[in-house]
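# Structural overview
Residue strings, one per chain:
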Amino acid sequence: MPNWLKFVIVFASAFVLMLAFRALAFSVYTVEGKGLQPVYIQGDRLLVNKWSYGLRIDGGGMLPYSRLLRKPVNKGDIVVFDLPNDTIQGEFIARCKAIPGDSIRIQNKMMVVPGLKDCADADYYWLESLHPKNPADSRHLGLISEHNIIGRVVTILYSHDDQKDFWEGYRQERMFQ
């Protein structure tokens, strides 16, 4: 076998492994907006563990949704999720405030306390951003299904102020928090 072909095979294998790792294990998401200030600010690049709650298998309508090695979402976890029925496009970040089995009640559209509405209906979660006017959380959308939860935020890889140039915009104090 020629040396160039060995190089191509090694390079192609590494590329396929990198794509599989990104698709199945970890992804990086950029914070846009003020939904979780002051914990996360605009420009933070977050490392998200897609295996936190089991391997999410969504066949895009061709296969049924499932999770392999399923684990429950815990109260207080900050998760990345997409919205049911593509109400708003994109992925969103919120803190889990209520898990299946909890009862909740909304006061002043800001607080979740034990009370009336039931999360026990088969794996639905109450997810809240820290910013009360964020339209992409349970206060505005209702309960979010486990099906829509992508993974748990692990850390801030790095942060960059996109209003500044490439070198000046990095916020070193926010790395790996």
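Let's shift gears to the packing of aromatic side chains. Here the structure, examined in full by the defined rule, presents 1 aromatic pair. Residues Phe 81 and Phe 92 carry aromatic rings whose centres are separated by 6.1 Å and whose planes lie at 45 degrees to one another, so their mutual orientation is tilted. One end of the pair, Phe 81, is in strand S5 (residues 78-82); the other, Phe 92, is in strand S6 (residues 91-98), with 11 residues separating them in the sequence. Residue classification places Phe 92 among the buried residues on the basis of a relative accessible area of 17%.

Among the surface-exposed residues, Trp 4, Phe 7, Val 8 and Phe 11 lie close enough to one another that they form a single nonpolar patch of about 520 Å² accessible area. With respect to the element layout, Trp 4 can be found in helix H1 (residues 3-24).

To continue, consider the sheet that holds strand S9 (residues 124-128). A sheet is described by the order of its strands in space; here 7 strands give the open sequence S1-S2-S11-S5-S6-S9-S10, paired in antiparallel fashion. Strands at the two margins of the open sheet, each flanked by one partner only, are strand S1 (26-30) and strand S10 (144-145). In this structure, strand S2 (residues 44-49) lies alongside strand S11 (residues 149-159), joined through 6 bridges in antiparallel fashion. Within S11, the residue paired with Val 48 across the bridge is Val 153.

Parameters at a glance
Residues numbered from 1 in each chain as written. Predicted model: local features only at pLDDT ≥ 70, side-chain atom pairs only at ≥ 80, totals over all residues. Heavy atoms only, no water. Phe/Tyr/Trp six-rings, centres within 6.5 Å; stacked < 30°, edge-to-face > 60°. Helix = DSSP H or I, 4+ residues; strand = E, 2+ residues; numbered from the N terminus. Buried < 20%, exposed > 50% of the residue type's maximum accessible area, 1.4 Å probe, protein only. Patch = residues over 30% accessible without salt bridge, like charges linked within 9 Å, V, L, I, M, F, W, Y side chains within 5 Å. Areas by Shrake-Rupley, 256 points an atom, 1.4 Å probe, with all protein chains shown as cover. Salt bridge = Lys/Arg side-chain N within 4 Å of Asp/Glu carboxyl O. Pairing = 2+ DSSP bridges.

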